[in-house]
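# Architecture at a glance
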Amino acid sequence: MNDSLTDHLNSVRTLLTDRLAGSADPREVLRAPELKALYDQIRVLEPSERAPFGQAVNSLKVSLEKRVTAIEAERLAADVESLDVTAPWDAGISADKRPTVLTSDHGSVHPLMRELERVIDIFTRMGFQSYESRQLDDDFHMFGSLNFPEGHPARDGYDTFRTTDGLIAPAHTSTMQHRILLEGREKLEVGGQIAAISYGRVFRNEDIDPTHEHTFYQVEGVFVSKAATLGDMLGTLRGFFQTYYGQTLRIKTQPAYFPFVEPGLEFLIEKPASLDGKGGEWLEMLGCGMIHPNVLEQAGIDPMQYRGFAWGGGVDRLVMLKYGIEDVRHFESGKLAFLKEFA
Ligand code: PHE
């Protein structure tokens with residue numbers, strides 16, 4: 001290729017590269033008349049000049065295209081204002097740039113959350129303070145503080161998910177018992193009582209089917225005073241279920257084993273007429289019992305002076321019974337058809 005052709009090509013290259021940098025629409029430069037003129041020129045060259053010149057023009061075009069793509073990507077990145085999704089809603093975003101939020105008529109409260117609110121509300125009105133449970137906890141709160149001895153087979157009864165560094169996705173809301181007892185101890189010392197519930201998501205590594213989910217919700221209750229009795233516990237639970245299902249209910253208990261209560265019980269209600277109960281059908285609703293002396297002692301509460309009761313049970317089951325939902329997996333499925341039934 002002769003020198004004048006090379007010079008010409010280089011001058012067009014410099015011209016178009018400069019134009020690209022300053023252009024509002026760099027892609028437009030790929031259609032520049034100067035580039036088209038180079039292609040037109042190929043045809044009028046000596047046959048021996050055509051191939052090398054044609055290749056040089058093509059490689060110029062390819063390198064311009066690459067440059068355009070790079071500029072477009074750079075500009076796109078610069079246009080997107082970075083947003084700290086963990087920051088409070090209005091932090092650092094000027095009012096006119098805040099994203100618009102869909103109004104609530106585009107969605108509805110998830111049935112589990114709506115019912116959980118009702119449960120919390122009933123216990124709050126009975127005088128219980130409420131705490132949300134943690135979704136990641138440690139071995140001590142899951143087992144040690146709850147009188148599960150090291151290596152005890154009862155630990156295997158809870159198929160816990162663990163992180164690689166040994167933390168646990170809690171398998172029950174009882175993980176909050178020790179914290180509630182520690183925090184409430186001072187109230188006991190000034191003649192008061194501990195009355196708290198904890199609620200939240202719990203996780204179990206089990207095979208899922210219509211009645212078993214790996215993720216579900218529980219509500220736990222803890223009550224401690226100088227005179228708490230099993231009778232108080234049964235009255236509290238019956239009161240709760242009667243309010244929740246809106247009718248008088250028969251209750252019964254049967255023995256059960258949980259290391260953190262003694263005695264341990266399963267609490268049953270007679271299937272309410274409002275849920276198509278025909279009488280004589282019993283539903284297991286939760287585990288409960290008198291708090292084990294070792295659990296009180298671990299939190300610095302003298303079991304000779306104070307006694308308490310605790311219970312814990314699934315919210316999903318409560319809601320399934322209330323609405324005749326046949327498959328627990330609907331709750332976490334994100335199926336719109338299911339959710340719309342509760343909208
Ligand atoms: N944490 C127990 C469970 O999920 C239930 C329970 C709570 C039993 C409190 C007794 C007292 O299996």
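Our subject is the structure that appears above.
Residues numbered from 1 in each chain as written. Predicted model: local features only at pLDDT ≥ 70, side-chain atom pairs only at ≥ 80, totals over all residues.

## Quick word on the pairing of strand S4 (residues 194-203)
For clarity, the threshold we go by: Residues are called buried when their C-beta atom has 20 or more other C-beta atoms within 10 Å, exposed when it has 12 or fewer, and partly exposed otherwise; all C-beta atoms are positioned from the backbone. Every helix listed is a DSSP run of H or I at least four residues long, and every strand listed is a run of E at least two residues long, numbered separately from the N terminus. By the convention used here, strands pair only if DSSP detects at least 2 bridges between them.
Burial analysis of S4 places eight of its ten residues in the buried class, which makes it a mostly covered element. In this sheet, S4 lies alongside strand S1 (residues 129-132) in parallel orientation, the contact comprising four bridges. Residue pairing in the sheet places Glu 132 in a bridge with Tyr 199 of S4. Where S4 lies against strand S5 (residues 215-225), ten bridges are found, and the strand directions are antiparallel. Counted as the bridge partner of Ala 196 is Val 222 from S5.

## Quick look at the site of the ligand
Rules: Proximity of a residue to a molecule or strand is defined by its backbone-placed C-beta atom lying within 6 Å of that partner. Here the term charged refers only to Asp, Glu, Lys and Arg, the term nonpolar to Ala, Val, Leu, Ile, Met, Phe, Trp, Tyr, Cys and Pro, and the term polar to all other amino acids, Gly among them.
Within the structure, the ligand sits among His 172, Ser 174, Glu 220, Phe 258, Val 261, Gly 287, Cys 288, Gly 289, Ala 310, Trp 311 and Gly 312. When residues of the shell around the ligand are traced back to their parent elements, those giving at least two are strand S8 (282-291) and strand S9 (307-314). Of the residues assigned to the shell around the ligand, the class counts are five nonpolar, five polar and one charged.

## Some words on unusual backbone geometry
Cis peptide bonds are those with omega within 30 degrees of zero, and the linkage from Glu 262 to Pro 263 qualifies with -5°. The residue Pro 263 is located in strand S7 (residues 261-270) in this model. A positive phi is found at Asn 147, a non-glycine position, where the angle reads about 65°. Within the fold, Asn 147 resides in the loop between helix H6 (139-142) and strand S2 (161-162).

## Brief notes about the nonpolar core
Our working definition: For our purposes the nonpolar core covers buried Ala, Val, Leu, Ile, Met, Phe, Trp, Tyr and Cys residues that link as a set through C-beta atoms within 7 Å. Our contact criterion uses C-beta atoms placed from the backbone: two residues qualify when those atoms are within 7 Å.
With 57 residues, the main nonpolar core has Ile 194, Val 222, Val 224, Cys 288 and Ile 291 as its most contacted residues. Element by element, the count of residues in this core is highest for S4, at seven residues. Sequence-distant contacts of Val 222, that is, excluding residues within four places in its chain, are made with Gln 177, Ile 180, Leu 181, Ile 194, Ala 196, Gly 308 and Ala 310.

## Looking at helix H8 (residues 230-245)
Rules: Each helix should span, by expectation, one fewer than its residue count multiplied by 1.5 Å. Each direction from the helix axis to a C-beta atom contributes to the arc, which is the arc of those directions.
Across its 16 residues, H8 extends 23 Å between first and last C-alpha, which sits within 8% of the 22 Å expected from 1.5 Å per residue. If you check which residues of H8 are buried, you get Met 233, Thr 236, Leu 237, Phe 240, Phe 241 and Tyr 244. Down the axis of H8, the buried set is contained in an arc of 125°. They therefore lie on one face. Along H8, exposed side chains directed more than 90 degrees from the buried face belong to Gly 231 and Gly 235. Among the structural elements, helix H5 (111-125), S7, S8 and S9 are those in contact with the buried residues of H8. Gly 246 sits one or two positions beyond H8 and adopts a positive phi of about 65°.

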